[in-house]
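Structural features, examined
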Amino acid sequence: MSDNRDADTAAIQAVLTASYKAWEAGDATAMVADYTADATAIMTGSLRDSREVIRENMALAFQGPLKDTSTYNKQLSLRFVGGDAAIAVTESGILFGGETAVPDPRKVNATWVFEKRDGRWLIAAYHNSPVFAAA
């Protein structure tokens, strides 16, 4: 078996890109299209325990405090765990109207857990935590 994971890496990158574009469009349904039905998301101390709960929460946020926002995302790492799992780590943040950069206090480190189901890479879990400057 080949260790070349270029196709898997590209597929995961495409899932992330689609999620970022859906956020920018304020489209919660499209944002979770590549989540497993039993996906979990931990954000701002809250647990969202299914794709539908994540979609509902994001739809409300896109109508309110996250209306007309986009995200900054910098991939820090991607590693495969066996043949059907991968973990991506990003530095991310929310860009509000007119911003071209996310202020450091609003940046988060995010962990994305991917699972390959029926030949398709899906987001199984997401978690973020504020970035703190090293002492």
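Thresholds, definitions, all that
Residues numbered from 1 in each chain as written. Predicted model: local features only at pLDDT ≥ 70, side-chain atom pairs only at ≥ 80, totals over all residues. Heavy atoms only, no water. Helix = DSSP H or I, 4+ residues; strand = E, 2+ residues; numbered from the N terminus. Rg over C-alpha atoms; globule rule 2.2 N^0.38 Å. Buried < 20%, exposed > 50% of the residue type's maximum accessible area, 1.4 Å probe, protein only. Contact = heavy atoms within 4.5 Å. Areas by Shrake-Rupley, 256 points an atom, 1.4 Å probe, with all protein chains shown as cover. Lys, Arg positive; Asp, Glu negative; His and termini not counted. Charge placed at Lys NZ, Arg CZ, Asp CG, Glu CD. Core = buried A, V, L, I, M, F, W, Y, C linked by side-chain atoms within 4.5 Å.

**What to know about the overall build of the chain**
In terms of helices and strands, the chain carries 3 helices and 6 strands. Each helix (α) and strand (β) of the chain, taken in turn from the N terminus, gives the series α-α-β-β-α-β-β-β-β. Computed over its C-alpha atoms, the radius of gyration of the chain comes to 15 Å, within 12% of the 14 Å expected for a compact globule of 135 residues. For the chain, the spread of C-alpha atoms along the principal axes amounts to about 50 × 40 × 25 Å. Looking at the chain as a whole, 35% of its 135 residues are labelled buried. By sequence separation, contacts in the chain at least 24 residues apart represent 47% of the contacts at least 6 residues apart. Carbon and sulfur atoms make up 54% of the accessible area of the chain, which amounts to about 7,700 Å² in all. Each charge class in the chain can be summarised by its mean position, and for the 13 positive and 17 negative side chains these summaries are 2 Å apart.

**Let's talk about the nonpolar core**
The biggest cluster of nonpolar side chains holds 26 residues, and the ones touching the most others in it are Met31, Tyr35, Ile54, Met58, Phe62, Trp112 and Phe114. Contributing elements (two or more residues each) for this core: helix H1 (6–25), helix H2 (28–31), strand S1 (35–43), helix H3 (51–63), strand S4 (85–95), strand S5 (108–117) and strand S6 (120–130). Once residues within four sequence positions are removed from consideration, Phe114 is found in contact with Ile12, Val15, Leu16, Asp84, Ala85, Ala86, Ala88, Trp121, Leu122, Ile123 and Ala124.

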